[in-house]
Amino acid sequence: MTGTAAAVRPTPLAAAAAQLRQHLRRRWLVQPIGTAEDRRNRRGGGAPRVVTLGDATAPALADPDRRAATVHLTAATVLIGPVSAHRHEGWGGAMVGGAAGRPCGHCLAIRWQRLRSRSQRDALEVGDQTTAVGPWPQLTAYQLDAVWELYRASHTGPPLPPPPSWDRHSTPLPRVSQLDLASLRVRTYPLLAEPCCPSCTRQRPDIPDPLVLAHQPRPKPRPDTYRLRTPDDYPLPAAALVNPVCGALGAGTALTITSPTTAPVTGSVFIRGYGGLLDVSWSGQSSGYHASRALAYLEGLERYAGTHRRRSVPPVIAAYADLGPDALHPDRCGRHPDEVYDTDPILRRFDPQRPIPWVWGQNLHTGRPVLVPRRLCFYSSPAAGDTFVLSSSSGCATGSCLAEAVLFGLLELIERDAFLLAWYGNLILPRIDLDTCPPVVRALVDRAELQGYRLYAFDNRIDLDVPVVTSLAVRHDGGPGLLSFAAAAHLDPRQAVTGALAEALTYIPHQPTTVRRRRAELERMADDYTLVRRLPDHSALFGLPRMAVHAESYLDDRSALPIEHLFAGYRPPGTPDLRDDLRRVLDLLDARGLEAIVVDQTTPEQEAVGLRSVCTIVPGLLPIDFGWIRQRAPHLPRLRTAPATAGLAAAVLTDTDLRRVPHPFP
Ligand SMILES: [Zn+2]
């Protein structure tokens, strides 16, 4: 397939579709499906409705033919569906809409296209009209027969049992069967409705969210447990989330069965954002594959929710100057120096007179609605004159209710703020004696030792009394992959230590290989920090042994202190209601003059299984950025004042106190 500027003309695939359409119509006239009454009542399957897939991008506007389509011809396969798992309820998915959560043919087209290769998506989505490189082969008689028989089998007789690979939560979902035209292999997958499908969803205007901190209590399983449900508690339709035809999160997952430290399950999908297609990956890294898989799906859903808004709700388009006090000025979250805007090809100065997209959020202290620039909360949104910063998933979190999601989102913001304060502020952090930590920590330390790494943990609290722990893995022999940093914040200091060390373990297996593979490039970065441009550059750079000199404040041989001693003055909230924990964090922020804002990102797919995702924003906390010239943290006042407030520096820091080296945050 190649791009061409030729005038629109029927594609060769359309000719094959016409052939298929004619054949199916003939067969249907001879052998219609269902009883006459069924057909009158539009039950049990109708005449096949054929469309093509992959020769043009899925339509952006409502399209009745696409919505009603039940046979989708692609270059190599034919997709039959969506078909309801309970056939008596309707004509497959064809005539029921997304309002009821049922997918239509257009939903399938969108989900299918998202899983295509980078070159295919670019050709379809940003290329000109596509054209085949040669004439299209005629469909053979046996291929046409196979399509008809599959169509008939999908629409008549008792419902087929779901394939054994399906989880029970996918069983009731509408199905799509894929016929491979080369091998005639048939595979069936469940399909979820696409929440932004232009054909079967109705747009509704954006209005301020109702108060998120529900009045009803959020009882915790135990006072020291901050997750109300475990990952296994959610009825996740795994087969619908991940499958190669129409998976909502990706085409598949990979298990790294040779990983020596964790049991990683990973997946990825291309997301179109302001800079083209971005490979967005998600993973779970527990100590068993079953647990990792559930975590991976939850993270996949969180990425899905955070990259784009997945509700058919158009943003408010307005200039800041016209919005008044309801709107969050993006400069409150930090801005880049002028010279960065002058040279960076993507970044654009914020202009209060220029209309940009906004979404409604809420001030968590007052409950008041706030308009937030969409750029700050849906981080892969297309550029709309609003690339004044490039935000990330920082502050995005998922939970069983908004309070839980908000708590973990705020903890993540506090963790990154503290990490950056210690790094750029060149602070000396107390080291935690890992022998005084819970037994699970010993297991993590031993696993790292087996890989040739020693683990360290530091009490990284600054001026907010929330346990933040920074971990550091150091390679014994000083070789490539020398340092790996990670961090975690938690209301329980022991869980913060465990979280930070467990995360360090996820990087250890790759760090030496990454450094060996990118050695020359990393050496150049070490000489010229402006070459540090992307997220993975930051952590990879500190795998380079010569960078250790810049991490001396973490590497000296200061003595380690018992965890009980370090956190003696800290009392975990120990309350039975999660709302009290959240209030405590909000009060701590408030005491420092910081206010928290939340934007609800929950997608319909998450809502259906009892999940909520949010983006939390705390203007004034140091934001994490990737790329050396794009760092906002060194320009924010908090970097210089917070260490003095906390008593970690004698006075407000001056420029000479700062560590002007890219942060090593992974
Ligand atoms: Zn639809």
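Counting restarts for each chain: residues are numbered from 1 in the order of the written sequence. The model is predicted, so local features are restricted to residues of pLDDT at least 70 and side-chain atom pairs to those at 80 or more, both for listing and for counting; the totals for chains, interfaces and linings are taken over all residues. Only hydrogens and water are set aside; all other atoms, that is, all heavy atoms of the structure, feed into the side-chain values.

Quick word on unusual backbone geometry
Residues Gly81 and Pro82 are joined by a peptide bond in cis, for which omega reads 0°. For Pro82, the location among the structural elements is in strand β4 (residues 77-83). Of note in this structure, Leu184 is not a glycine but carries a positive phi near 60°. Runs of E in the DSSP output that reach at least two residues are strands. Runs of H or I that reach at least four are helices, and both are numbered from the N terminus. Along the chain, Leu184 falls in the loop between β6 (175-180) and β7 (186-190). The phi dihedral of Asn426 is positive, around 55°, even though this residue is not glycine. In this structure, Asn426 sits in the loop between α10 (402-424) and β15 (431-432). What makes Asn426 partly exposed here is its relative accessible area of 36%. Relative accessible area decides the class of each residue, using a 1.4 Å probe on protein chains only: under 20% of the type maximum gives buried, over 50% gives exposed, and in between gives partly exposed.

Brief notes about the environment of Arg517
Tracing the backbone shows Arg517 in helix α13 (residues 511-517). With relative accessibility at 65%, the residue Arg517 sits in the exposed group. The sequence separation of Arg517 and Gln19 amounts to 498 residues, and the corresponding C-alpha distance is 51 Å.

Examining the sheet that holds strand β2 (residues 50-52)
Here five strands make up an open sheet; going across it, the order is β2-β3-β4-β6-β7 and the pairing mixed. Looking along the sheet, the strands with just one partner apiece sit at the ends: β2 and β7. The sheet shows a mean angle of 25° between the axes of neighbouring strands, direction not considered. Should DSSP find at least two bridges between two strands, the strands are taken to pair. Relative to β7, β6 runs antiparallel, the two being bridged by five bridges. Pairing of Ser177 across the sheet is with Thr188, part of β7. By the convention used here, residues are in contact when the closest approach between their heavy atoms is within 4.5 Å. Angles here are taken between N-to-C directions and fall from 0 to 180 degrees, while the axes themselves are lines fitted to C-alpha atoms, restricted in helices to the stretch in contact. Helix α1 (residues 12-30) contacts β2 and β3 (71-73) of the sheet and is inclined by roughly 165° relative to β2. Each of β3, β4 and β6 is contacted by helix α4 (residues 105-114), which is oriented at about 135° to β4, the strand it contacts most.

Details of the nonpolar core
The term nonpolar core refers to a set of buried residues drawn from Ala, Val, Leu, Ile, Met, Phe, Trp, Tyr and Cys, joined through side-chain atoms within 4.5 Å. With 101 residues, the main nonpolar core has Leu410, Leu455, Val497 and Leu589 as its most contacted residues. Top element by residues in this core is α10. It accounts for 17 residues. Contacts of Leu589, omitting those with residues within four sequence positions, involve Leu410, Ile414, Leu464, Leu594, Ala596, Val618 and Leu621.

Here's the deal with the coordination of the zinc ion
Bound to the zinc ion on the protein side are Cys104 (SG), Cys107 (SG), Cys197 (SG) and Cys200 (SG), at distances that span 2.2 to 2.3 Å. The coordination sphere of the zinc ion comprises four donor atoms, whose angles at the metal cover 101 to 119°; the geometry is tetrahedral. Donor atoms: N, O and S within 2.8 Å of the metal, or within 3.2 Å for Na, K and Ca. Because water is excluded, sites can look incomplete. Angular criteria define each label, namely tetrahedral for four donors with all angles between 85 and 135 degrees, square planar for four and octahedral for six donors with opposite donors over 155 degrees apart and remaining angles between 65 and 115, and irregular for whatever fails these tests.

Notes on the side chain of Gln362
Following the sequence through the fold, Gln362 ends up in strand β12 (residues 356-363). Judged by its relative accessible area of 3%, Gln362 is buried. A 3.5 Å cut-off defines polar contacts: any pair of N or O atoms within that distance qualifies, except that in protein one atom must be a possible hydrogen donor and the other a possible acceptor, and neighbouring residues in sequence count only when both atoms are side-chain atoms. At 3.1 Å, the side chain of Gln362 and the backbone oxygen of Gly367 are in polar contact.

Regarding the packing of aromatic side chains
Side-chain rings of Phe, Tyr and Trp (the six-membered ring for Trp) are treated as a pair once their centres are within 6.5 Å; stacked means planes under 30 degrees apart, edge-to-face means over 60, and tilted covers the remaining angles. Using the criterion set out here, one finds 15 aromatic pairs in the structure. Seen in terms of ring centroids, Phe419 and Phe485 are 6.1 Å apart; in terms of plane orientation they differ by 85°. Their pairing is edge-to-face. Within this pair, whereas Phe419 is found in helix α10, its partner Phe485 is found in strand β18 (residues 483-489), the two being separated by 66 residues in sequence. In terms of burial, Phe419 and Phe485 fall into one category: buried. Summarising the aromatic geometry, the rings of Phe567 and Tyr570 are spaced 6.5 Å apart at their centres and angled 80° between planes, so their arrangement reads as edge-to-face. Looking at Phe567, the relative accessible area reads 5%, which means it is buried. Taking the relative accessible area as the measure of exposure, Tyr570 reaches 3% and is therefore buried. Taken together, the ring pairs connect Phe419, Trp423, Phe458, Phe485, Phe542, Tyr554 and Phe665 into an aromatic cluster. Cation over ring: Arg227 sits above Phe408, and NZ or CZ is 3.7 Å from the ring centre. Criterion for a charge above a ring: Arg CZ or Lys NZ at most 6 Å from the ring centre, at most 35 degrees from the ring normal. A cation over an aromatic ring shows up here: Arg310 above the ring of Tyr304, its NZ or CZ 4.2 Å from the ring centre.

Here's the deal with the pattern of salt bridges
Any Lys or Arg side-chain nitrogen located within 4 Å of an Asp or Glu carboxyl oxygen qualifies as a salt bridge. Tallied over the full model, the rule gives 46 salt bridges. One salt bridge in this structure joins Asp342 and Arg349, with 2.7 Å as the shortest N-O distance. Using a relative accessible area of 55% as the deciding quantity, one classes Asp342 as exposed. When the shortest N-O distance is used, the salt bridge between Glu523 and Arg519 registers 3.1 Å.

Structural notes on the packing of α1 against helix α6 (residues 141-155)
Contact geometry of α1 with α6 gives a least axis separation of 10 Å together with a crossing angle of 55°. One element, α1, and the other, α6, form an angle in the oblique class. Here the hand of the crossing between α1 and α6 comes out right-handed. Contacts between α1 and α6 involve Gln19, Leu20, His23, Leu24, Arg27 and Trp28 from the former and Leu144, Asp145, Val147, Trp148 and Glu149 from the latter. Under the scheme applied, nonpolar residues are Ala, Val, Leu, Ile, Met, Phe, Trp, Tyr, Cys and Pro; charged residues are Asp, Glu, Lys and Arg; polar residues are all the others, including Gly. Residues belonging to the contact of α1 with α6 are distributed by class as follows: six nonpolar, two polar and three charged. Under this scheme an angle from 65 to 115 degrees is roughly perpendicular, one under 35 degrees roughly parallel, and one over 145 degrees roughly antiparallel; angles in between are oblique. What makes a crossing left-handed is the near helix being turned counterclockwise from the far one by less than a right angle; a clockwise turn instead makes it right-handed.

Side note on the environment of Gly620
Following the sequence through the fold, Gly620 ends up in the loop between β21 (612-617) and α20 (637-645). The sequence separation of Gly620 and Phe388 amounts to 232 residues, and the corresponding C-alpha distance is 16 Å. With residues near it in sequence (within four places) discarded, Gly620 still touches Arg332, Leu594 and Arg638.

Remarks on the confidence of the model for the chain
Across the chain, the average pLDDT comes to 91, with 93% of residues at 70 or higher. Every residue in residues 1-8 is under pLDDT 50, and counting partners more than four places away or in other chains gives 19 contacts. Confidence of the prediction at every residue is given by pLDDT, a number between 0 and 100. Note that pLDDT drops below 50 for residues 88-100; the model gives that stretch 35 contacts with residues more than four away or on any other chain.

Some thoughts on the packing of α10 against α20
Interaxial distance between α10 and α20 falls to 10 Å at its minimum, and their mutual angle equals 85°. As the angle between them shows, α10 and α20 are arranged roughly perpendicular. Together, Asp417, Leu420, Leu421 and Tyr424 of α10 and Arg638, Leu639, Ala642 and Pro643 of α20 make up the contact between the two elements. Among the residues forming the contact of α10 with α20, the class breakdown is six nonpolar, no polar and two charged.

A word on the sheet that holds strand β10 (residues 276-286)
One open sheet holds the three strands; their spatial order is β8-β9-β10, and the pairing between them is antiparallel. At either end of the open sheet lies a strand with only one pairing partner, and these are β8 (253-255) and β10. The average angle at which neighbouring strand axes cross in this sheet is 25°, direction not considered. Direction of pairing for β8 relative to strand β9 (residues 263-273): antiparallel, over a ladder of three bridges. When the sheet's bridge partners are listed, Leu255 is paired in β9 with Val265. The strands that helix α5 (residues 118-125) touches are β9 and β10; relative to β9, the one it contacts most, it runs at about 20°. Contacts from helix α8 (residues 289-307) reach β8, β9 and β10, with the element oriented near 150° to β10.

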